[in-house]
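Residue strings, one per chain:
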Amino acid sequence: MPDLRFTEQALSEWMRSGGSHSEIVISSRVRIARNIQHHPFPLLATKNQADEVLDVLAPVVDQNQDAGYGTFELVKLDELEELDKKVLVEKHLISPNLVNDSRSGAVLLNEEESVSIMINEEDHLRIQCLFPGFQVREAWERATAIDDIFEESVDYAFDDRRGYLTSCPTNVGTGLRASVMMHLPALVMTKQIGRILSAVNQVGLTARGIYGEGSEAAGNIFQISNQITLGQTEAEIIDNLHGVAIQIIDHERNARQRLLDDSALRITDRIMRSYGILSYAAVMELKEASQRLSDVRLGVDLGILKAPSISVLNELNVKTQPGFLQKMFGEKLSSAECDMYRAKLFRDTLGITH
Amino acid sequence: MVCQECGVRPATLHFTKIVNGEKTEFHICENCAREKGELIPGTSGGFSIHSLLSGLLDLEGASKGKSAAEAKPQDVRCEECGMTYGQFSKLGRFGCSSCYKYFDKGLDPLFKRVHGSTSHVGKIPKRIGAQIQFKRQIDELKEQLQEAIMQEEFESAAELRDQIRKLEKEIAQE
């Protein structure tokens, strides 16, 4: 039976500490995709072939437990309950792909949950590093160091012209996807977001919402990531993302300042109302919760609200997702019951409990 | 037909999903497809970035007509995993790393469209890196050699030729 602490706590260890620019950048993530030579990609692999991949990759980490990246534990997907898989997705520790389309899928997680190494996802190996705040360079350094460890004993599928060969043509070359998750409420309120996101697209980056359906950004949270993986070095990709993120941070800061200068009362009212509703409502839909949480987060960042802490907000963000609610209050919750328990969780954490 | 997502632009991507015998048709424009990214609500993963890529691949064939079809016939097969180019262009994903070799001719236009580039310039695995560095060096020297011959600088051409031979010998010994 796998250790379930990964699914019982809402907050990964890394979420507790801030990182730089943490009032705007929630987290930085780097993922690199690698495959083993002469093995069919997971798309075509039989169960036996997928098991072989697991047998090659999983021991590498075991043999390098002292490399300084924490103690890793192997979690096999077919040994997990459906609900636990859902929770791991909600915590961004595994991808929906690993849950739905994977044969012999597994993940190696370190204690603080900052590194998650997926096996038999779309590619044989996906090394993901997730850091709080704006630390995209640090996340890359960690990921590439872990990549080096694997490379010492695993023959990667690599071609001198095409680079690291991946299952999907959109990942070939560096296999690198770097992203920053940003909270951009002021750019949304001042209607500048569309212009900024289309500018982002023009420099080889892409922006999408998280937890939202399709591209809709729930709670004004956007994920900016590189689109191009071939023809640029890793350093160029990271620098490009870094530079653009800094610009967006500046724009968001300016927009926040302008909101405070021009409509302090209105913005304060909106934040207070959202805080009030989250603290006292009896029914809370996910979409409204994301929006209210965004307002409260902005209130804390602007110093309009003294509490709760950002770490409490991060925790609520994860805990009020459907999988987590089901885990806490019962597996077979209807969506109306989810809305009720979600409201209860907010009241218990923020409001007066009676 | 108008895109069912935005209701404004004409629909250019059409696909059908059949679940338990129930047929659902989707007609959307490329903008919405790109915005929706991985998932269109209600299709539970039926529409993915891979279908988009497959659209690009088909487009390549269609726009260039016969000559393109000749250059990358649908039945070129990867001898390692058995995937055909036709299957690859439908799935938008390779079956194994050797597919890159067998489908090589059709890949440059695709990579140009997706990445704006066709060659890797990033990290090289350390263990096999030495060989690749040698190869990159040899390619560079060969270019210089051509240049020297063109300029009739035969003395430096001879030097370059010796350097190339030396490197090739080192590779052979490894």
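Residues numbered from 1 in each chain as written. Chains lettered and ligands numbered in written order. Predicted model: local features only at pLDDT ≥ 70, side-chain atom pairs only at ≥ 80, totals over all residues. Heavy atoms only, no water.

### Digging into the overall build of chain B
Across its full length, chain B holds 7 helices and 2 strands. Taken from N to C terminus, the helices and strands of chain B fall in the order β-β-α-α-α-α-α-α-α. For chain B, with 174 residues in total, the buried portion stands at 39%. Contacts spanning at least 24 positions in sequence make up 33% of the contacts within chain B whose residues lie at least 6 apart. When the accessible area of chain B is evaluated, it comes to approximately 10600 Å², of which 50% is carbon and sulfur surface. (Helix = DSSP H or I, 4+ residues; strand = E, 2+ residues; numbered from the N terminus. Buried < 20%, exposed > 50% of the residue type's maximum accessible area, 1.4 Å probe, protein only. Contact = heavy atoms within 4.5 Å. Areas by Shrake-Rupley, 256 points an atom, 1.4 Å probe, with all protein chains shown as cover.)

### Re the nonpolar core
Within the largest apolar cluster, 75 residues are counted, with the highest numbers of intra-cluster contacts made by Val30, Ile117, Phe150, Val180, Met182, Ile224 and Ile248 of chain A. The element that contributes the greatest number of residues to this core is helix H9 (residues 234-280) of chain A, accounting for 12 residues. Judged by nonpolar contacts, the second largest core, of 18 residues, contains Ala157 and Val172 of chain A together with Tyr85 and Phe111 of chain B. (Core = buried A, V, L, I, M, F, W, Y, C linked by side-chain atoms within 4.5 Å.)

### Thoughts on the interface of chain B and chain A
Listed by partner, the interface residues are 41 residues for chain B and 45 residues for chain A. Summed over both sides, the interface between chain B and chain A buries roughly 3600 Å², with carbon and sulfur atoms accounting for 56% of that surface. Area buried by chain B at its contact with chain A is led by His115, His120 and Lys123 of chain B, which between them contribute 21% of it. Where chain B meets chain A, there are 10 salt bridges. Residue Asp108 of chain B is joined to Arg161 of chain A by a salt bridge in which the shortest nitrogen-to-oxygen separation is 3.8 Å. The tally of links from chain B across to chain A stands at 23 residue pairs in polar contact (both at pLDDT 80 or more). Among the elements of the structure, helix H1 (30-36), helix H2 (49-71), helix H3 (85-91), helix H5 (104-115) and helix H6 (126-150) of chain B are those that each provide at least two residues to the side of chain B that touches chain A. (Buried area = accessible area lost by both parts, 1.4 Å probe. Salt bridge = Lys/Arg side-chain N within 4 Å of Asp/Glu carboxyl O. Polar contact = N/O pair within 3.5 Å; in protein donor to acceptor, adjacent residues only side chain to side chain.)

### Thoughts on the UniProt feature "coiled-coil region" (unreviewed entry) in chain B
Residues annotated by UniProt as "coiled-coil region" (unreviewed entry) correspond here to residues 131-170 of chain B. Taken end to end, residues 131-170 of chain B comprises 92% helix and 0% strand; its first and last C-alpha atoms sit 9 Å apart. (UniProt positions renumbered as here; feature names shortened; annotations may be inferred.)

### Regarding the sheet that holds strand S2 (residues 72-76) of chain A
Residue and element names in this part refer to chain A. Spatially, 8 strands are ordered S2-S3-S4-S5-S1-S8-S10-S9 in an open sheet, and the strand pairing comes out antiparallel. Looking at strand neighbours, the two that pair on one side only are S2 and strand S9 (205-209), the edges of this open sheet. On average, each strand axis in the sheet is tilted by 20 degrees relative to the strand beside it, whichever way the strands run. With 5 bridges connecting them, strand S8 (residues 176-183) and strand S10 (residues 221-226) associate as antiparallel partners. Looking at S10, one finds that Ser179 is bridged to Ser225. (Pairing = 2+ DSSP bridges. Axes fitted to C-alpha atoms, helices over the stretch in contact; angles between N-to-C directions.)

### Thoughts on helix H13 (residues 335-350) of chain A
Spanning 16 residues, H13 of chain A covers 22 Å between terminal C-alpha atoms, matching the ideal 22 Å at 1.5 Å per step. Where H13 of chain A is buried, its residues meet H9, helix H10 (286-301), helix H11 (310-319) and helix H12 (322-329) of chain A. (Expected span 1.5 Å × (residues − 1).)

### Thoughts on the packing of helix H6 (residues 136-153) of chain A against H9 of chain A
What describes two packed helices is the angle between their axes and the distance between those same axes. Residue and element names in this part refer to chain A. The contact between H6 and H9 brings their axes to 10 Å, and the two run at 155 degrees. As judged from the angle between their axes, H6 and H9 are roughly antiparallel. Along this stretch, H6 crosses H9, giving a crossing that reads as right-handed. Contacts from Val136, Arg137 and Trp140 in H6 reach Glu234, Ile238, Asp239, Leu241 and His242 in H9. Residue composition of the contact of H6 with H9, by class: 4 nonpolar, 1 polar and 3 charged. (Parallel < 35°, antiparallel > 145°, perpendicular 65-115°, else oblique. Left-handed = near helix turned anticlockwise from the far one by under 90°. Nonpolar A, V, L, I, M, F, W, Y, C, P; charged D, E, K, R; others polar.)

### Thoughts on the packing of aromatic side chains
The description of an aromatic ring pair rests on the distance of the ring centres and on the angle between the ring planes. This structure, assessed with the given rule, holds 9 aromatic pairs over all chains. Residues Phe329 of chain A and Tyr341 of chain A carry aromatic rings whose centres are separated by 4.3 Å and whose planes lie at 10 degrees to one another, so their mutual orientation is stacked. Of this pair, Phe329 of chain A sits in helix H12 while Tyr341 of chain A sits in helix H13; the two residues are 12 residues apart in sequence, bridging distant segments of the chain. We classify Phe329 of chain A as partly exposed; its relative accessible area is 27%. Classification of Tyr341 of chain A by relative accessible area gives partly exposed; the value is 22%. Members of the aromatic cluster, each reached through a chain of ring pairs, are Tyr85, Phe88, Phe94, Tyr100, Phe103 and Phe111 of chain B. (Phe/Tyr/Trp six-rings, centres within 6.5 Å; stacked < 30°, edge-to-face > 60°.)

### Focus: the UniProt feature "domain: UVR" (unreviewed entry) in chain B
UniProt annotation of "domain: UVR" (unreviewed entry) refers to residues 135-170 of chain B when read in the numbering used here. A distance of 11 Å separates the end C-alpha atoms of residues 135-170 of chain B, which is 92% helix and 0% strand.

### A closer look at the pattern of salt bridges
Pairing is possible between side chains of opposite charge, provided their charged atoms come close. Enumeration over the complete set of coordinates arrives at 30 salt bridges over all chains. In this structure, Asp295 of chain A engages Arg270 of chain A in a salt bridge whose closest nitrogen and oxygen atoms are separated by 3.1 Å. Highlighted residues: Asp295 of chain A in helix H10 and Arg270 of chain A in helix H9, separated in sequence by 25 residues. Note that Arg161 of chain B is salt-bridged to Asp162 of chain B, the shortest N-O span being 3.3 Å.

### A short note on the domain arrangement of chain A
Residues and elements named next belong to chain A. Domain assignment breaks chain A into domain 1 (1-21 + 28-173), domain 2 (185-262) and domain 3 (263-350). Computed from C-alpha atoms alone, the centre-to-centre distance between domain 2 and domain 3 is 24 Å. The partner domain 3 presents 15 residues to the 14 residues of domain 2 that form the contact. Joining domain 2 to domain 3, the criterion identifies 1 salt bridge. With a shortest N-O distance of 3.5 Å, Arg256 and Asp301 are connected by a salt bridge. Put simply, domain 2 and domain 3 have 4 residue pairs in polar contact (both at pLDDT 80 or more) between them. For the side of domain 2 that touches domain 3, the secondary-structure elements that each account for two or more residues are helix H7 (185-189) and H9. If you tally residues by element for the side of domain 2 that touches domain 3, the top one is H9, at 6 residues. Class assignment of the residues belonging to the side of domain 2 that touches domain 3 gives a composition of 7 nonpolar, 2 polar and 5 charged. (Domains from an automatic or database assignment.)

### As for the state of the cysteines
All names here are of chain B. Overall, the coordinates contain 0 disulfides over all chains when judged by the stated rule. Cys99 provides the cysteine sulfur closest to Cys81, a residue in no disulfide bond, and the two sulfurs are 3.5 Å apart. According to the relative accessible area criterion, Cys81 is partly exposed, its value standing at 23%. (Disulfide = S-S within 2.5 Å.)

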